[in-house]
Amino acid sequence: MKVLGLPMVAIAALTLSACLSPEINTTPQVAPGAPGDLPTWSNAEKAGIGTAYEAYDASGQFSEQSPTAPISKVWFSLGRDRITEVMSGLIHEAQLREIKFELVGDDGAIAPLNIDILPVTRGNSGGSIEAPLHVIKQDYGPEFGVLKIVTFTDPDHQTLVAQVSLLSEREDLRVFAYIDPALGNSGIGDRAWVDQGVLNAETEGAALSVTLKHAGDVMQSVGFVGHSDSLDAVLNGSVHATTGDDAGNVAAWTELPIPTGDVSTAIYVGFGATAEAALAEARASKARGEDVILEDYRAGWIDYLAGLEHLPALAKAAEDGGALAYMSALNLKIMEDKTHAGALIASLSNPWGETAPAIEPQTGYKAVWPRDFFQVASAFVAMGDEETARASYRYLPTVQVTEDTPGNSGVTGWFLQKTHVDGALEWVAIQQDQTAMPIMLGWQLWKTGVISDEEMALSYQNMLKPAADFLVEGGRPNLLWNTEFEASLGYTQQERWEEQEGYSPSTIAAVISGLVTAADLAERFGDAADAASYLAAADELEANLEAWTFTTEGSLGDGEYFLRISRDKDPNNKAPLGDNNGRPGLPEDEILDGGFLELVRYGVRAWNAPSILETLEEFDAEHEDNLRVRYTFGEGEVPWETLTGWRRYGNDGYGEDGEGGTNYHEIDGGNTPGQRGRVWPFFSGERGHALIAQLQDLEHTRGDRHPELVVTKTMLRTLIKSMEAFANPGLSLPEQVWDGVGPNPFGYEIGEGTNSATPLAWTHAEYIKLLRSVSDGKVWDRYEIVEDRYRASPRNALPD
């Protein structure tokens, strides 16, 4: 009988010689308990992420001609106490769920008294963040010492490396690592075995192999999760050399010997299509040694940061000395695929991962949304990385609907809702802002010289013109399930929260800006008729914006404010919104969100337009908790000196169920009525951009000593501090933080990131752009061509 090509007799021999502690004499056996417990992903609150920096070749791609070739395509994430999902191949292809480390004494595993994770820094300035490196510190007290783990990848191989150090006066302690594969982006189809001190796991088309820096007689065992993977059982002699022929949810334990006189060791995890290929990668990295690999890993990122022209100025605009700015730059670059250059994902996590089944392959947030993509690409420009911004723009045709899109027989030109990085379809609803934003990005890159006239002329015809035509003309898609919706000017199937159809201020802000910038491109490249058509459509939306989306008979405050979304062109008819995330839909006039701020950001409305000022009163006001959006954290001496954040909108259900004690998705993927969406840190940035628009105008019209300026600057500094405070100890910014409302069975601190998704690329991008706006003294995302067109609009005029 053979198991994955290894004879059972060989397994028995190697297990007796290499897998067992010398004092244990147990006959090796096939691990029982197949297929193991139902697998899930890991907690989504990542304290750190990492990958090796790789440079583009001359054509802006990753290839064997890249100056950093060969290209390493391994990414990792870190929880506060362990290595979590590790991806290899495409950025969404998880191959490993977690690695955690245990300190073992004579009486078994020792519980740490405290666990911290912090960035590895040099000095005390923002520039001391020089690479995506974090140290997990497991403190066992004076009696046992401290265990430290630093994780990185080999820039020259498909290998994850963990450097493990034990600082202790005792010599009777042992270190063990628990390794939980999830090969092929699933946790149910793996087999595992031990071969001469090497741990192996394999499924069809994917494998990993684990080698140790210090080999020898070490205790190793494989088993099925929840049935034969207990450390106590392993320590008591219940070890297994193979999981046999049955595939399932497997895991392994290995001892990590640290020779006398040394304090550290290392573990090398190689990845490949087969166990042989994975082992070759791991052994090649072991031959290089972890110290050499770490220096190469660090040097690549030091060089990258040094090339970001604007980053030092952004760090000076920060309130924390610049550390979060530098980590934000690193995190954003890490979240790019290395097969498809410029493919920027939303987060290197699966939201509420511990309750998300790891059965069928899934992307979670490791996918492309053109909206998040736009935010990140423009942040690259803001910090001085024109190469990545250019690569991202050139990637966009991959996710645009054309006649060649598989299965499409409907209207073309729009951008897909959500895709894999290779363009594979995932979600196909029409979100008009996601079609407008690529136009806005292209125009921005063209105006700043990142994209040449020659390239833009071709790109306009092939990509941007079809997108603008779709925004004006609309039409019916016919792609997968999406066959009934009829798109029209300003009417979106889903707004930016991917839940409701209708007329949305945030969507319309992007569509107007997209059409005005498209008209400028059309005029430049000899398309005067289309330029006129795009401007006419933009003007129609601008002229009707308040009539369609601003209620004067609302149920909140004085009744005058922009709605989150209007089902039709009557914002006063209290039309019911659809149910969302376990929450029953409410009348549209009860729901506020911050989408109206995009009107100010892009230049459609002035900061002091009557409709903006009216809405700000309600947006910043206190309402009953289900409808309230603004929350403060802690106590300030005066108003607006307290850390502040906002929820997406009132009645948001995209979050934990405190009453039921469950995360967003239960194991069956269901929703519960008690779910509540929490505070999203990037809204502090969006609100801050509105303040910058206000400051810019006040300084111009009233001078730099006006009392209102002092208050506004204080508010702005508070919002910068808020975003920095919302970062976790590893300096990763979350999607959501706990707002303190309702039961808290999860043990979150107020303002702490929840298990939704961390780091969120959009949040880091918003922080970078906020600092750029502060540094420049004007809104980074302001489209002057839009502002100039609508500056004299009667909707922007203050009342007499």
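Worth saying up front: this structure is predicted, and the values here are computed from it rather than measured.

Cut-offs applied
Residues numbered from 1 in each chain as written. Predicted model: local features only at pLDDT ≥ 70, side-chain atom pairs only at ≥ 80, totals over all residues. Heavy atoms only, no water. Pairing = 2+ DSSP bridges. Helix = DSSP H or I, 4+ residues; strand = E, 2+ residues; numbered from the N terminus. Contact = heavy atoms within 4.5 Å. Axes fitted to C-alpha atoms, helices over the stretch in contact; angles between N-to-C directions. pLDDT = per-residue confidence, 0-100. Salt bridge = Lys/Arg side-chain N within 4 Å of Asp/Glu carboxyl O.

Attention now goes to the sheet that holds strand β26 (residues 643–647). A sheet is described by the order of its strands in space; here three strands give the open sequence β25-β26-β27, paired in antiparallel fashion. Two strands bound the open sheet, and with one partner strand each, they are β25 (630–633) and β27 (679–680). Alignment of β25 against β26, held across four bridges, turns out to be antiparallel. By the bridge assignment, phenylalanine 633 is partnered in β26 with leucine 643. Where helix α15 (residues 682–702) meets the sheet, its contacts fall on β26 and β27, and the angle it forms with β26 comes to roughly 105 degrees.

On to the confidence of the model for the protein chain, then. Considering every residue of the protein chain, the mean pLDDT works out to 93; 94% of them sit at 70 or more. In the predicted structure, residues 1–26 sits below a pLDDT of 50 and forms 54 contacts with residues beyond four places in sequence or in another chain.

With that settled, consider unusual backbone geometry. In this model, alanine 69 is joined to proline 70 through a cis peptide bond whose omega is 0 degrees. If you check the backbone angles, tryptophan 352 has positive phi at about 50 degrees while not being a glycine. The backbone of lysine 574 shows a phi angle near 55 degrees, a positive value even though the residue is not glycine. Looking at the element boundaries, lysine 574 is found in the loop between β24 (561–562) and α13 (597–602).

A full pass over the atoms with the stated rule returns 47 salt bridges. The closest approach of N and O atoms between arginine 288 and aspartate 156, which form a salt bridge, is 3.6 Å. With arginine 288 in helix α3 (residues 275–288) and aspartate 156 in the loop between β11 (146–153) and β12 (159–167), this pair connects stretches of sequence that are 132 residues apart. It is possible to trace a salt-bridge network through shared partners that takes in Asp81, Arg82, Arg97, Glu98 and Asp180.

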